[in-house]
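Okay, here's what each chain looks like letter by letter:
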Amino acid sequence: MSDTYDLLVIGAGSGGVAASRRAAAHGAKVAVVEASRVGGTCVIRGCVPKKLLMYAAQFRDAFHEAAGFGWSLGQPHFEMPRWAAAKAAETDRLEQIYRQMLAGSKVELVEGRACIEGPGRVRVGDRLLQARHLLIASGAQPVRDSIPGIEGCATSDELLDLHVLPASAAVIGSGFIALEFASLLQRLGVRVSLFYRAGLPLRGFDEDLRTRAAAALQAAGIELHPGCVPRAIQHADGQRLLVLDDERVPGFPFVLNATGRRPNTAGLGLETIGITPDARGAIPVDAQLRTSAANVYAIGDVTHRVNLTPVAIAEGRALADSLFGGAPRSVDLSLVASAVFMLPPVATIGPTEAELAASGAKLAVFEADFRPMKQAFIGGTERCYMKLLVDAAGGRVRAAHMIGADAPEIIQSLAVAITAGATKAQFDRTIAMHPTAAEEFVLMREPVRRVG
Ligand code: FAD
């Protein structure tokens with residue numbers, strides 16, 4: 001049996017669903033192929049369940065803070081099975097909504113694993129699908145071979161499906177996923193040790209956020225092991241043994257492999273259309289999301305550029321508008337806000353101070369570092385840190401970095417102003433909203449230093 005489409009999409013995750021629905025809205029005949037669950041990483045095993053677990057974890061801090069505000073509580077107790085059941089129900093609900101959205105948009109959902117067989121031809125089981133345009137939106141998955149023996153350890157996929165939490169855990173990695181899970185496992189009562197290669201976690205983030213993120217993890221009781229990644233992981237008597245360079249072999253009942261993610265390109269049949277993935281397994285694309293093969297495009301995590309849900313969605317919609325909407329456009333990835341939902345959270349938009357300095361930019365650096373009113377009242381130690389990087393000439397705000405309560409909500413709003421090219425003078429003209437933490441962003445008067 002053969003079917004022909006204007007657009008055939010591989011992967012019904014964030015990017016694939018967005019592209020399919022937008023293309024169908026422009027009148028294209030569209031099918032999307034999905035090998036697992038509709039909704040992809042974000043909905044099923046990423047942003048959504050992760051944040052739902054983060055909400056659960058945050059209550060630990062809230063219970064503690066409540067006492068400082070006059071509340072008396074019994075001994076709080078977290079039941080992972082109850083969270084797991086509620087999470088499963090929620091992801092089922094969201095998946096159903098995604099399925100309904102596809103059906104309502106007249107996008108055909110083809111369930112099964114897609115394999116490209118040649119230009120415009122994709123096999124799914126016994127069906128051969130033909131397409132004028134092919135979009136690869138197959139996402140990424142955890143790397144499971146970064147360390148000998150790590151293949152038997154849980155990744156974020158498995159962690160989010162746990163029904164019982166371990167008493168202690170080693171988390172290996174220091175990217176956003178490692179820090180988020182280290183932070184929330186600790187709040188849920190797990191003793192956490194974090195092992196990572198660099199001196200500081202969160203490579204790629206501003207140095208001032210990295211040092212404070214490390215300090216916040218440590219203050220929460222997480223054991224940090226910078227510059228220390230196991231050489232191998234052995235399994236014995238229900239324990240995972242981390243073989244370290246200094247010959248120590250600490251054992252843990254649970255190890256979280258957060259050592260990175262790899263684009264889903266293996267077994268896709270890319271060789272049949274002449275696409276060669278790069279060294280990391282990603283599909284190279286140009287600014288119009290075109291691959292090296294005619295009429296074949298790629299978006300989202302499979303291209304391994306900015307691996308975030310809103311980026312995959314924006315790319316999917318831009319591509320559909322370009323192909324079928326008569327409005328060719330590309331997505332500007334030069335200013336993308338992002339967050340680390342650790343506790344307290346980190347959020348950022350724009351380059352780091354080091355990146356701007358290295359580019360030769362002349363900068364004024366503004367900072368605020370304070371103990372928020374809520375923490376001061378209860379004698380807490382958690383602080384809030386904010387930084388604005390401003391062009392010395394012209395005063396344009398190039399970047400905002402923050403660690404502290406509500407950082408993602410605050411930076412998301414600031415991202416509008418920064419994307420619009422707001423200047424420091426415009427920040428200064430903005431009347432503060434009091435009492436908030438966010439008001440500090442419009443109350444920074446003197447630079448703490450000048451760069452360049
Ligand atoms: P995906 O959503 O991964 O979708 C790809 C789909 O393709 C999958 O459903 C897969 O099953 C399917 N597929 C693969 N191969 C085939 C094949 N051969 N045939 C058919 N189907 C196939 N991003 C944020 O913006 N904010 C966050 O807070 C955040 N938190 C995260 C937390 C975790 C733990 C993880 C793992 C990721 C997180 N992300 C977050 C990243 C975000 O989930 C991804 O950037 C986003 O899902 C990428 O969308 P995508 O469409 O490119 O791929």
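In this text, all values refer to a predicted model and were calculated from it rather than measured experimentally.

(A) Representation of the packing of aromatic side chains within the structure. Considering all chains together, one arrives at three aromatic pairs under this definition. The interplanar angle of 25° and the centroid separation of 4.8 Å between the aromatic rings of Phe 69 and Phe 377 together place this pair among those described as stacked. Remark: Phe 377 occurs in helix α10 (residues 373-378) and Phe 69 occurs in the loop between α3 (47-68) and α4 (80-104); sequence separation between them is 308 residues. The class of Phe 69 is partly exposed, set by a relative accessible area of 42%. Across from the ring centre of Tyr 5, 4.8 Å away, lies the NZ or CZ of Lys 29, which sits over that ring. Positioned over the ring face of Phe 366 is Lys 424, at 4.3 Å from the centre of the ring.

(B) Representation of the pairing of strand β12 (residues 239-243). Where strand β11 (residues 232-236) and β12 come together, five bridges link them in antiparallel fashion. The residue bridging Gln 234 from the neighbouring strand is Leu 241, located in β12. Hairpin connection, β11 to β12: the antiparallel pair is bridged by two residues, and Asp 237 has positive phi, about 50°. Here two bridges tie β12 to strand β13 (residues 251-252), and the two strands are oriented antiparallel to one another. Considered in β13, the bridge of Arg 240 is made with Phe 252.

(C) Focus on the packing of α3 against helix α6 (residues 176-187). α6 packs onto α3 with a crossing angle of 40° between their chain directions and a minimal axis gap of 8 Å. In this view, α3 runs oblique relative to α6, as classed from their interaxial angle. Of the two elements, α3 crosses α6, and the hand of that crossing is left-handed. Here α3 contributes Lys 50, Leu 53, Met 54, Ala 57, Arg 60 and Asp 61 to the contact with α6, which in turn contributes Phe 176, Glu 180, Phe 181, Leu 184, Gln 186 and Arg 187.

(D) Examining helix α8 (residues 309-324) more closely. Compared with the 22 Å implied by 1.5 Å per residue over 16 residues, the 23 Å span of α8 between its first and last C-alpha is a close match. Along α8, the residues classified as buried are Thr 309, Val 311, Ala 312, Glu 315, Gly 316, Ala 318, Leu 319, Ala 320, Asp 321 and Phe 324.

(E) Just the site of the ligand, in detail. Surrounding the ligand, one finds 37 residues, the nearest of these being Gly 15, Glu 34, Thr 41, Lys 50 and Asp 301. At a separation of 2.8 Å, an oxygen atom of the ligand approaches a polar backbone atom of Gly 15. At a separation of 3.4 Å, an oxygen atom of the ligand approaches a polar backbone atom of Asn 307. Coverage of the ligand by the protein chains reaches 94% of its 1,000 Å² of free accessible surface. Counting only elements with at least two residues in the shell around the ligand, the list comes to α1 (14-25), β2 (30-34), α2 (40-45), α3, α6 and α8. No other element matches the four residues that α2 contributes to the shell around the ligand.

(F) Spatial organisation of the pattern of salt bridges. This structure, assessed with the given rule, holds 37 salt bridges. A salt bridge links Glu 247 to Arg 231, with the shortest nitrogen-to-oxygen separation between them at 3.8 Å. Pair noted here: Glu 247 is in the loop between β12 and β13 and Arg 231 is in the loop between β10 (223-226) and β11, with a separation of 16 residues, a long-range link. When its relative accessible area of 40% is taken as the criterion, Arg 231 is described as partly exposed. The salt bridge partner of Arg 445 is Asp 428, with a shortest N-O separation of 3.3 Å. A residue pair is termed long-range when its members are at least 10 positions apart, and Arg 445 in the loop between α12 (424-429) and β22 (449-451) and Asp 428 in helix α12 qualify at 17 residues.

(G) Quick peek at the side chain of His 401. With respect to the element layout, His 401 can be found in strand β21 (residues 397-403). Side-chain polar atoms of His 401 contact the backbone oxygen of Pro 351, separated by 2.9 Å.

(H) Local environment of the side chain of Ser 20. Among the secondary structure elements, Ser 20 is positioned in helix α1. We classify Ser 20 as buried; its relative accessible area is 0%. Looking at Ser 20, its side chain comes within polar contact range of the main-chain oxygen of Gly 16, at 2.5 Å. When sequence neighbours within four positions are dropped, the list of residues in contact with Ser 20 reads Val 9, Val 30, Val 32, Leu 102 and Val 107.

(I) Representation of the sheet that holds strand β19 (residues 363-370) in the model. The sheet built from six strands is open, its strands ordered β17-β18-β21-β20-β19-β22 with antiparallel pairing. What marks the edges here is a single partner per strand, and that holds for β17 (338-340) and β22. The mean angle between the axes of side-by-side strands here comes to 15°, regardless of whether they run parallel or antiparallel. One ladder, built from three bridges, connects β17 with strand β18 (residues 346-349); its direction is antiparallel. Note that in β18 the partner of Ser 338 across the bridge is Thr 348. The strands touched by helix α7 (residues 207-219) are β18, β19, β20 (384-391), β21 and β22; relative to β21, the strand with the most contacts, the crossing angle is about 5°.

Calculation notes
Residues numbered from 1 in each chain as written. Predicted model: local features only at pLDDT ≥ 70, side-chain atom pairs only at ≥ 80, totals over all residues. Heavy atoms only, no water. Phe/Tyr/Trp six-rings, centres within 6.5 Å; stacked < 30°, edge-to-face > 60°. Helix = DSSP H or I, 4+ residues; strand = E, 2+ residues; numbered from the N terminus. Buried < 20%, exposed > 50% of the residue type's maximum accessible area, 1.4 Å probe, protein only. Lys NZ or Arg CZ within 6 Å of the ring centre and 35° of its normal. Pairing = 2+ DSSP bridges. Axes fitted to C-alpha atoms, helices over the stretch in contact; angles between N-to-C directions. Parallel < 35°, antiparallel > 145°, perpendicular 65-115°, else oblique. Left-handed = near helix turned anticlockwise from the far one by under 90°. Contact = heavy atoms within 4.5 Å. Expected span 1.5 Å × (residues − 1). Near = heavy atom within 4 Å. Polar contact = N/O pair within 3.5 Å; in protein donor to acceptor, adjacent residues only side chain to side chain. Areas by Shrake-Rupley, 256 points an atom, 1.4 Å probe, with all protein chains shown as cover. Salt bridge = Lys/Arg side-chain N within 4 Å of Asp/Glu carboxyl O.

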